[in-house]
Amino acid sequence: MAFTVKFWGVRGSIACPSPNHVVYGGNTSCVEVIAGERHIILDAGTGIRNLGQRVIQEGIQSSVLLLTHTHWDHINGFPFFAPLFQKNRTFDIYAGHLYDTGGVQSVLASSMSNPMFPVPLEALQATLRFHDFRAGEDLELGPDVRVRTVLLNHPNGATGYRIEYDGRAVCYVTDTEHVPGELDETVLGLIAGADLVIYDCTYTDAEYPSHVGWGHSTWQQGVRLCREAAVKRLAIFHHDPDHDDTFMAELEDEARRTWEATFVAREGMQITVGA
């Protein structure tokens, strides 16, 4: 059965629809994973709008949405996800950082309330099932899909995910901040031996010192972690909006020369896990 990953939004912080962000993409975080018969969506940034059109076209009736956290760039596409307005759809929505602070349903409802948004959560026609857990717990998305989770180092909390299916694994590790000179043992444990790691590479090592405390990491740290953890491939992800196509092309060239198993995630890119 298929195990694929498709990138619908690869940008961090804020969407940047400009002529200088065409090659790599300007939409914020949204990644689609198909694991056999299970349809999984990672985050609901602006990229989820285009994914919604495909969900309708393909007649996908049931999906799981795994949210890393609820900062704007990871949820502001949610109200524009067209399948939510259709009665014949079912969505299981998970979050691991809100268990003790009101829950994910409450947060999404707040983000769609007046005066910030004209359509309330209650107006959505799809069946929505909300699941709050504590990062670190395992999730079972069916008899053949297991999800491991960890708490990441990010302001207000964030969750890292490892999706395991058919003996292979995809890890989604965004947003997280590292400590220079150290390898995060929590991240290492999550990504060990994974086929693909999608990692928060917002900055370069040279840029990082002026962004300490902002909750993000670097592509060089991603390489260090993946090499240590015997990961097969690293996807550079969550691109800084100031990194235009020219900057990203130069970054991609340097990253590939540093470690050939590295690539830069681009909007629309699809990968078969383990291929």
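Our subject in this report is the structure included herewith. Within every chain, residues take consecutive numbers counted from 1 along the sequence as written. Confidence filtering applies because this is a predicted model: local features only for residues at pLDDT of at least 70, side-chain atom pairs given and counted only at 80 or more, and all residues used for totals across whole chains, interfaces and linings. As a rule here, side-chain values come from all non-hydrogen atoms in the structure, and water together with hydrogens is ignored.

**Examining the overall build of the chain**
Selection criterion: Under the scheme used here, helices are H or I runs from DSSP no shorter than 4 residues and strands are E runs no shorter than 2 residues, and both carry numbers assigned from the N terminus. Note on method: radius of gyration uses C-alpha positions; expected globular size equals 2.2 Å times residues raised to 0.38. The buried label goes to any residue with under 20% of its type's maximum accessible area, the exposed label to any with over 50%, and the partly exposed label to all in between, with areas taken from a 1.4 Å probe on protein chains only. The criterion used for residue contact is that any of the two residues' heavy atoms lie within 4.5 Å. Computed by Shrake-Rupley with a 1.4 Å probe, the accessible areas treat only the displayed protein chains as cover when residues are assessed.
Of regular secondary structure, the chain possesses six helices and 14 strands. Taking 275 residues into account, the globule formula puts the C-alpha radius of gyration at 19 Å, and the chain, at 17 Å, falls close to it. Viewed in the frame of its principal axes, the chain has a C-alpha envelope of about 50 × 40 × 35 Å. Here the chain, with 275 residues, has 57% of them falling under the buried criterion. Summarising the internal contacts of the chain: among those between residues at least 6 apart in sequence, 67% fall at separations of at least 24. As displayed, the chain offers around 11500 Å² of accessible surface, 50% of which is attributable to carbon and sulfur atoms.

**Let's talk about the nonpolar core**
What counts here: Remark: nonpolar core denotes a set of buried residues (Ala, Val, Leu, Ile, Met, Phe, Trp, Tyr, Cys) joined through side-chain atoms within 4.5 Å.
With 30 residues, the main nonpolar core has V5, F7, V31, L66 and I198 as its most contacted residues. Apart from the residues lying within four places of it in its own chain, the contact partners of L66 are I40, I41, L42, D43, Y94, L139, V147 and Y161. L190, L251, A255 and A261 belong to the second largest nonpolar core, which has 29 residues in total.

**Describing the pattern of salt bridges**
Formally: Every case where a carboxyl oxygen of Asp or Glu lies within 4 Å of a side-chain nitrogen of Lys or Arg is listed as a salt bridge.
On inspection of all chains with the given rule, the structure shows 12 salt bridges. For D195, the salt bridge goes to K232, with nearest N and O atoms at 3.8 Å. One end of the pair, D195, is in the loop between α4 (185-191) and β11 (196-200); the other, K232, is in the loop between α5 (219-228) and β12 (234-237), and 37 residues separate them in sequence. Because the salt bridges share partners, they merge into one network encompassing D138, R146, R162 and E164.

**So, the packing of aromatic side chains**
Condition: In this scheme Phe, Tyr and Trp rings, the latter by its six-membered ring, pair at centre separations within 6.5 Å, and the angle between planes marks the pair as stacked below 30 degrees, edge-to-face above 60, and tilted otherwise.
Tallied over the full model, the rule gives seven aromatic pairs. Three or more aromatic residues link up through ring pairs in this structure, and these residues are F7, Y172 and F237.

**What about the side chain of R89?**
Keep this limit in mind: His residues and chain termini do not enter the charge count, which takes Lys and Arg as positive and Asp and Glu as negative. The definition of a polar contact used here is a pair of N or O atoms within 3.5 Å, where within protein one atom must be able to donate a hydrogen and the other to accept one, and adjacent residues in sequence count solely through side-chain atom pairs.
Mapping R89 onto the fold places it in the loop between α2 (72-75) and β5 (90-95). Among buried charged residues, R89 stands out as having no salt bridge; its nearest opposite-charge side chain is E58, 9.9 Å away. A polar contact of 2.7 Å, which involves the side chain of R89, links it to the backbone oxygen of I60. A polar contact is formed between the side chain of R89 and the side chain of Q86, at a distance of 2.8 Å. Apart from the residues within four sequence positions on either side, R89 is in contact with V55, I56, G59, I60, Q61, P83, A126 and T127.

**Things to note about the packing of α5 against helix α6 (residues 245-258)**
Where we set the bar: The axes used here are C-alpha line fits, helices contributing only the stretch in contact, and every angle between their N-to-C directions lies in the interval 0 to 180 degrees. Just so you know how the angles are binned, under 35 degrees is roughly parallel, over 145 roughly antiparallel, 65 to 115 roughly perpendicular, and the rest oblique. Here a crossing is taken to be left-handed if its near helix is turned anticlockwise relative to the far helix by less than a right angle, and right-handed if that turn runs clockwise. Ten residue types, Ala, Val, Leu, Ile, Met, Phe, Trp, Tyr, Cys and Pro, are classed as nonpolar, four, Asp, Glu, Lys and Arg, as charged, and the remainder, Gly among them, as polar.
The contact between α5 and α6 brings their axes to 11 Å, and the two run at 25°. It follows from the interaxial angle that α5 and α6 lie roughly parallel. α6 is crossed by α5, and the crossing has right-handed handedness. In this structure, α5 uses W219, V223 and R227 to contact α6, whose residues at the interface are L251, E254, A255 and T258. Tallied by class, the residues present in the contact of α5 with α6 amount to four nonpolar, one polar and two charged.

**A look at the pairing of strand β6 (residues 127-132)**
So the rule is basically this: A pair of strands is considered paired only if DSSP assigns at least 2 bridges between the two. If the strands point away from the viewer and the path from the first strand over the helix to the second runs clockwise, then the crossover is right-handed.
Bridging between β5 and β6 involves six bridges; their strand directions are parallel. Bridge pairing in β6 links I93 to F130. Note that the unit made of β5, helix α3 (residues 104-111) and β6 has a crossover that is right-handed.

**Focus: unusual backbone geometry**
For the bond running from N114 to P115, omega is 5°, close enough to zero to count as cis. Of note, the amide linkage connecting T174 to D175 takes the cis form, showing an omega dihedral of 10°. Within the secondary structure, D175 is located in the loop between β10 (168-173) and α4.

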